Amino acid sequence: MGLKILLVIFVGIACGIAVGAGFVAFLAVLGIIPRLIQLTKTAKMLIYYELAAVLGVICGSLLGLLEPVFFLSKWLMMVVGISYGIFIGMLAAALTEVLNVFPILAKRIKLEERLLYLLMAFVFGKIFGSLFHWIYFVDL
């Protein structure tokens, strides 16, 4: 019985490492971390970006497995929610930039000269949709 448990632990850790490495590689392929470094001009702090990505994956995996319940104030939850929103927004923006979604969409619907309006429609749609969700469907 002890050998089975050790095998399950080994397989679980190996799968976790594979998924975590895949996620960090996905972030690297999208160019989120290099783009952040370029925009903020903080190339000397590369190790901290890498450490933050790895620790984020580890903590996110643990939170997903353990499903803890936190009793936090509304104000702290607002900061956490805004942080999640910034991360998801950056991830979506990086994915669309890599795939050249906006130029292709603008060309298909013949809005090349009004690309700014298309981008603002997406941005405000996301903002208002998120606000609607948080105001009406989330009990704080």
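It should be noted that the structure appears before, not after, this text.
In short, a report on the structure. Note that the coordinates shown come from a computational prediction; the quantities given were computed from them, not determined experimentally. (Residues numbered from 1 in each chain as written. Predicted model: local features only at pLDDT ≥ 70, side-chain atom pairs only at ≥ 80, totals over all residues. Heavy atoms only, no water.)

1. Some remarks on the environment of Val79
In this fold, Val79 is placed in helix H4 (residues 74-99). Distance from Val79 to Lys44, taken between C-alpha atoms, is 27 Å for residues 35 residues apart in sequence. (Helix = DSSP H or I, 4+ residues; strand = E, 2+ residues; numbered from the N terminus.)

2. Considerations on the packing of aromatic side chains
Tallied over the entire structure, the rule returns two aromatic pairs. A centroid spacing of 4.9 Å and a plane angle of 45° characterise the contact between Phe132 and Tyr136, whose relative ring orientation is tilted. Of this pair, Phe132 and Tyr136 are both found in helix H6 (residues 115-137), four residues apart, which corresponds to roughly one turn of the helix. Tyr136 gets classed as exposed once you look at its relative accessible area, which sits at 59%. (Phe/Tyr/Trp six-rings, centres within 6.5 Å; stacked < 30°, edge-to-face > 60°. Buried < 20%, exposed > 50% of the residue type's maximum accessible area, 1.4 Å probe, protein only.)

3. Considerations on the side chain of Thr42
Relative to the assigned elements, Thr42 resides in the loop between helix H2 (32-40) and helix H3 (46-66). Only 2.8 Å separates the side chain of Thr42 from the side chain of Tyr49, close enough to count as a polar contact. Not counting residues within four places of it along the chain, the set of residues in contact with Thr42 comprises Ile37 and Tyr49. (Polar contact = N/O pair within 3.5 Å; in protein donor to acceptor, adjacent residues only side chain to side chain. Contact = heavy atoms within 4.5 Å.)

4. A word on the packing of H2 against H3
Running from N to C, H2 and H3 cross one another at 140°; their axes reach a closest spacing of 11 Å. Overall, the two elements H2 and H3 adopt an arrangement that is oblique. In this structure, H2 crosses over H3, and the sense of that crossing is right-handed. For the pair formed by H2 and H3, the contact residues are Ile33, Leu36, Ile37 and Thr40 on the first element and Leu46, Tyr49 and Ala53 on the second. Taken together, the residues of the contact of H2 with H3 sort by class into six nonpolar, one polar and no charged. (Axes fitted to C-alpha atoms, helices over the stretch in contact; angles between N-to-C directions. Parallel < 35°, antiparallel > 145°, perpendicular 65-115°, else oblique. Left-handed = near helix turned anticlockwise from the far one by under 90°. Nonpolar A, V, L, I, M, F, W, Y, C, P; charged D, E, K, R; others polar.)

5. Here we look at the packing of helix H5 (residues 101-108) against H6
Each pair of packed helices can be summarised by the angle the axes make with each other and by the distance between the axes. Contact geometry for H5 and H6: axes closest at 10 Å, N-to-C directions at 115°. Of the two possible hands of crossing, H5 and H6 adopt the one that is right-handed. Where H5 abuts H6, its residues Phe102, Leu105 and Ala106 lie against Leu115, Leu118, Leu119 and Phe122.

6. Brief notes about unusual backbone geometry
Look at Lys41: it is not a glycine, yet its phi comes out positive at around 55°. By secondary structure assignment, the location of Lys41 is in the loop between H2 and H3. Residue class for Lys41 comes out exposed when judged on its relative accessible area of 67%. Here the phi dihedral of Glu67 falls at roughly 50°; this positive angle occurs in a residue that is not glycine.

7. What to know about the layout of surface pockets
Over the atoms rolls a probe the size of a water molecule, and its path tells where empty space is left. One number sums up the size of the largest pocket: a volume of about 940 Å³. Among the elements of the structure, helix H1 (2-30), H2, H3 and H4 are those that each provide at least two residues to the lining of the largest pocket. Looking at the lining of the largest pocket, the element that brings in the most residues is H3, giving twelve residues. Within the lining of the largest pocket, the residues separate by chemical class into 24 nonpolar, six polar and no charged. In this structure, the second largest pocket occupies an estimated 790 Å³ of space. In terms of lining residues, the second largest pocket is bounded by 20 residues, among which Gly85, Gly89, Lys126, Ile127 and Ser130 are the most central. Elements that contribute at least two residues to the lining of the second largest pocket include exactly H4 and H6. At nine residues, H6 tops the list of elements feeding residues into the lining of the second largest pocket. Here the residues of the lining of the second largest pocket are counted per class, giving 14 nonpolar, five polar and one charged. (1 Å grid on protein atoms, 1.4 Å probe; cavity = no way out; pocket = protein on both sides within 12 Å on 5 of 7 lines; lining within 4 Å. Points joined across faces, edges and corners; volume = space filled by probe spheres on them.)

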